[in-house]
Amino acid sequence: MSRSAKAKRKQFRQKDHPIKKRAKVSKTSKRQHLPSPATGTTNNHVNYPPPFPRDEKLPIPEHDLLKCEGPFKQSFQRALETAYEGFVTDQYSEGDKCQFDHESIQQALINLDDYGLFRTDVTQPFGLGTKCAKTYVTRCLIGDEGTTYKYLGLRMFAYPWKGSKQKSSDKNLDAALHEIFKLNERLTERTIFHLEELEKKRCERLKEGSGLKTINGRAKFDITLINRMIDTPELKLEPTKHKDRCSVSWHADSSLEHFSTIAVYQTFLHNESGKESPTNEGQIKKDRTLHREDEMAKRWSIALRVAHNSEGPGASRRGTDIDTAVVTETPALSISLPSRSAYYLLDDFNHHHQHAVLVDGNGSQQSAGVRYASTHRLLREGHNVNFMIERCKTTCSHFHRKGAKLWKSEQLLLYDIECDWIRQFYVQGQGHKDNLWKYWSTPICELLRYWGQLESRTKQVIDLLSNAAIARCEKGERSDKEEMLSRAD
């Protein structure tokens, strides 16, 4: 085809099918859409919390978090109704139908402490490869058999709340673990109720028909991370108002199934060792009254602040610095709850809020006691050891096959087993291993067996590649010699 004919054909195509020029996208249009002031939603259908009603000119404390006290009671209540919708509580009262078996729970926590289950964690709070730091709180993880929980670079391994299957297991320890399982079932029932109530409130606020659901999460928990906290001089000041001190700093809980609720039961014990001496009848010491517990509880508070996409499906939008997600126009709350209370972060609350645990910093002579908080969660897929073992079985069953993709998947699995599971189990010390070995010996040994198979497979492939490279080099040397000899002839 001649050059003129090609030009005419191109002109004809452009006439019938004009090429659309790509529109220039400004830098501002690439940014995350801000929530609509009226609805708390965005153009891309992310349901952000409703905004705090600034137009109502409600009083806000300048140098403190917003609390339910003095002239700020109405502001506090309006904040709960709007920006903090999804935070609800079950507060202790005699004869309440949602009451938990408080005395049994407290005795179980004492027994868990006596058995040495609460341990300090060493984490990397500023990311992998950064300086390690000890946590101010001691913790233990209890849940479904084989579950783990990973946060700040550390993987915790759970005690099964249905106890050990071994005949030689300690019955008192198994009973304490099972009491936590019963607490989990009760919190699940209460979560179902609160999610239904939240659904009604949201439908009323959004004026949605009954056919559209506003709740995406489910009421289910497979682990609880129990935090044991005491007031110590090492605690640092809360970084925004510099009044109270942080036992647990600002964060949103990670590794959870999207839209899953977090349920927390808190209770207080008097002496700072956390171990109460039971009476001859096996009951908790009688002089530790509910009034005394509540006096200790007044020194502690749960702090909440709005921070869009702190976790959840949109977490990648906020970057690595969680402080950039904070909505400064909405006041942060400080909520003090009595002992034996439960509170709930419902549905997507953890996605768009951060929380902290504070103890007052005014040098009060009243003992802060020991705060136990059992935080019940639902993990994402991949945190149960059975998931890893199934990966191992699938990968090792394909050893007869070859290819770069298979080699890559084998090496990724080998890295995960060694660095994310085996090393994580042993790096936490001999005491950690001694406590958990009777529950974790079988799965850890199975992971070690698959690790050995993958190591052998790796050596075979490396040897094969090395021999092939050597053979190729020797062949090249022979051909060079033959060429030199032919030239000499």
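Residues numbered from 1 in each chain as written. Predicted model: local features only at pLDDT ≥ 70, side-chain atom pairs only at ≥ 80, totals over all residues. Heavy atoms only, no water.

## Describing the overall build of the protein chain
Short version of the rule: Helix numbering and strand numbering both begin at the N terminus, where a helix is a DSSP run of H or I of at least 4 residues and a strand a DSSP run of E of at least 2. Residue exposure (1.4 Å probe, protein chains only): buried if accessible area is under 20% of the type maximum, exposed if over 50%, otherwise partly exposed. In short, Shrake-Rupley with a 1.4 Å probe defines the accessible areas, and a residue's cover is counted only from the protein chains shown.
When helices and strands are counted, the protein chain shows ten helices and 15 strands. In the protein chain, which comprises 489 residues, the proportion classed as buried is 45%. Summing over all exposed atoms, the protein chain offers an accessible surface of approximately 27,400 Å²; the carbon and sulfur share of this is 52%.

## Focus on helix 5 (residues 171–206)
As a reminder, the rule being used: Given the number of residues in a helix, its expected span is that number minus one, multiplied by 1.5 Å. Whenever a nitrogen or oxygen atom comes within 3.5 Å of another N or O atom, the pair is scored as a polar contact, on the condition that within protein one atom can donate a hydrogen and the other can accept it, and that pairs from neighbouring residues in sequence are kept only if both atoms are in side chains.
Between the first and last C-alpha of helix 5 there are 52 Å, a value that for 36 residues agrees with the 52 Å anticipated at 1.5 Å per step. Measuring from the backbone nitrogen of Asn-172 back to the side-chain oxygen at the start of helix 5 gives 2.9 Å, which picks out Asp-170 as the cap. Count one or two residues on from helix 5 and you reach Lys-207, which has phi positive near 55°.

## Remarks on the sheet that holds strand 8 (residues 236–237)
For clarity, the cut-off: In this analysis, strands are considered paired if DSSP registers two or more bridges between them.
Read across the sheet, five strands follow the order 8-9-14-11-12 without closing on themselves; strand pairing throughout is antiparallel. Only two strands of the sheet have a single partner each, and these edge strands are strand 8 and strand 12 (333–335). Relative to strand 14 (residues 353–359), strand 11 (residues 300–306) is paired through seven bridges, and the arrangement is antiparallel. The residue of strand 14 that forms the bridge with Arg-305 is Gln-354.

## Digging into unusual backbone geometry
Residues other than glycine seldom take positive phi values, yet Ser-255 does so here, at roughly 70°. Following the sequence through the fold, Ser-255 ends up in the loop between strand 9 (245–251) and strand 10 (262–269). For Asp-347, which is not glycine, the phi dihedral falls at a positive 55°. As for its position among the elements, Asp-347 is in the loop between strand 13 (341–345) and helix 7 (349–352). We classify Asp-347 as buried; its relative accessible area is 1%.

## A word on the packing of helix 4 (residues 102–114) against helix 5
Our working rule: Axis definition: a line fit to C-alpha positions, over the contact stretch in the case of helices; interaxial angles, taken between N-to-C directions, run 0 to 180 degrees. We call two directions roughly parallel when the angle between them is under 35 degrees, roughly antiparallel when it is over 145, roughly perpendicular when it lies between 65 and 115, and oblique otherwise. By definition, turning the near helix anticlockwise from the far helix through less than a right angle yields a left-handed crossing, and turning it clockwise yields a right-handed one. Here a residue-residue contact requires only that any non-hydrogen atoms of the pair lie within 4.5 Å. Residue polarity follows a fixed list, in which Ala, Val, Leu, Ile, Met, Phe, Trp, Tyr, Cys and Pro are nonpolar, Asp, Glu, Lys and Arg are charged, and the others, Gly among them, are polar.
Direction vectors running N to C along helix 4 and helix 5 enclose 135°, while the axes themselves pass 9 Å from each other. When the interaxial angle is binned, helix 4 and helix 5 end up oblique. As helix 4 packs across helix 5, the resulting crossing turns out to be left-handed. For the pair formed by helix 4 and helix 5, the contact residues are Ser-104, Ile-105, Ala-108, Leu-109, Asn-111 and Leu-112 on the first element and Leu-173, Ala-176, Leu-177, Glu-179, Ile-180 and Leu-183 on the second. Classifying every residue of the contact of helix 4 with helix 5 by side-chain character gives nine nonpolar, two polar and one charged.

## What to know about the confidence of the model for the protein chain
Here is the rule we go by: The pLDDT value tells you how sure the predictor is about a given residue, anywhere from 0 up to 100.
The predicted model of the protein chain has a mean per-residue pLDDT of 84, with 82% of residues at 70 or higher. Across residues 12–39, confidence stays below pLDDT 50; counting only partners more than four residues off in sequence or on other chains, it has 19 contacts. Between residues 277–284, whose pLDDT stays under 50, and residues either more than four places distant or in other chains, the model counts ten contacts.

## With respect to the pattern of salt bridges
Counted only if it meets this: Any Lys or Arg side-chain nitrogen found within 4 Å of a carboxyl oxygen on Asp or Glu counts as a salt bridge.
For the coordinates displayed, the defined rule picks out 31 salt bridges. In this structure, the salt-bridge partner of Arg-340 is Glu-103, at a minimum N-O distance of 3.0 Å. Taken together, the positions of Arg-340 in the loop between strand 12 and strand 13 and Glu-103 in helix 4 put the pair 237 residues apart, joining distant regions of the chain. For Arg-245, the salt bridge is made with Asp-231, and the minimal N-O distance between the two is 2.9 Å. With Arg-245 in strand 9 and Asp-231 in the loop between strand 7 (223–230) and strand 8, the pair connects residues that are 14 residues apart, well separated along the chain. Looking at Arg-245, the relative accessible area reads 14%, which means it is buried.

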